[in-house]
Amino acid sequence: MGTELTKQDIEKIKEEIEYRKLVVRKAALEAVKEARSHGDLSENFEYHAAKKDKNRNESRIRYLERMIKNATIIDDSSKDDEVGINNTVDVYMEEDDEIETYRIMTSIRGNSMAGKISIESPLGKALLGRKVGDRVYVQVNDSYGYYVVVKAIKNTEGSADDEIRSF
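Everything numeric here is computed off the predicted structure, so don't read it as measured data.

So, how was this worked out
- Residues numbered from 1 in each chain as written.
- Predicted model: local features only at pLDDT ≥ 70, side-chain atom pairs only at ≥ 80, totals over all residues.
- Heavy atoms only, no water.
- Helix = DSSP H or I, 4+ residues; strand = E, 2+ residues; numbered from the N terminus.
- Rg over C-alpha atoms; globule rule 2.2 N^0.38 Å.
- Buried < 20%, exposed > 50% of the residue type's maximum accessible area, 1.4 Å probe, protein only.
- Polar contact = N/O pair within 3.5 Å; in protein donor to acceptor, adjacent residues only side chain to side chain.
- Salt bridge = Lys/Arg side-chain N within 4 Å of Asp/Glu carboxyl O.
- Pairing = 2+ DSSP bridges.

Q: Explain the overall build of the protein chain to me, and be specific about the residues and the numbers.
A: Helices and strands together make up the secondary structure of the protein chain, namely three helices and seven strands. Reading the secondary structure of the protein chain in the N-to-C direction produces β-α-α-β-β-β-β-α-β-β. Relative to the globule expectation of 15 Å for 167 residues, the C-alpha radius of gyration of the protein chain, 21 Å, shows a markedly less compact shape. Dimensions of the protein chain, computed from C-alpha atoms along their principal axes, come out at roughly 70 × 30 × 30 Å. Residues counted as buried form 38% of the 167 residues belonging to the protein chain.

Q: Would you mind going over the side chain of Ser118 in detail, with residue names and values included?
A: You can see Ser118 is positioned in strand E5 (residues 116–118). Note on Ser118: relative accessible area 14%, which makes it buried. Engagement of the side chain of Ser118 in a polar contact is seen with the backbone nitrogen of Glu120, the distance being 2.9 Å.

Q: I'd like a rundown of the pattern of salt bridges, residues and numbers included.
A: A complete count under the given rule lists 10 salt bridges for this structure. Residues Glu65 and Lys21 are paired through a salt bridge, measuring 2.9 Å at the closest nitrogen-oxygen approach. Here Lys21 lies in helix H1 (residues 7–36) and Glu65 lies in helix H2 (residues 45–70), a separation of 44 residues in the sequence. We classify Glu65 as partly exposed; its relative accessible area is 34%. One network of salt bridges, in which partners are shared, links Glu16, Arg20 and Arg60.

Q: For the pairing of strand E4 (residues 98–105), give the residues involved together with the corresponding values.
A: Of the pairings in the sheet, the one linking strand E3 (residues 87–93) to E4 comprises six bridges and is antiparallel in character. Along E4, the bridge assignment pairs Val91 with Glu100. Hairpin geometry of E3 and E4 is characterised by an intervening segment of four residues between the two adjacent antiparallel strands and by a positive phi of about 55° at Asp97.

Below is the structure:
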């Protein structure tokens, strides 16, 4: 089973592949050609750096193409009153007596530092399909878990700031 992706994720990945093939690849090949013209390749740092950048770009293209090929397409729709992918959720953390806001994302777009949590994370798994007012137990590992309460759900589909994470 591959990575779970939405149709929107697939489109973003295809856009990145196209950009890397048409723009980044062309610039990388030019940089290699320019550095090669500077002479002795064995001691030419610019040449080795340009080759490394070119190879990194090609690796990223292959990685993204493999990701699409092996992906499992999941539906990102949910009922208006249920937590689903691309929803922003206000969650009351009982242990901390605080309300925190998270956006539920697929794993390749998750970024906990930006408040975007993966559907594969313990909190993401626990929240999916829940409704406002639900008290949910979040199982972190065999010996630890905590309770949260869903306070609000907002549909935030397709924001322009959604990026595919690089690995």
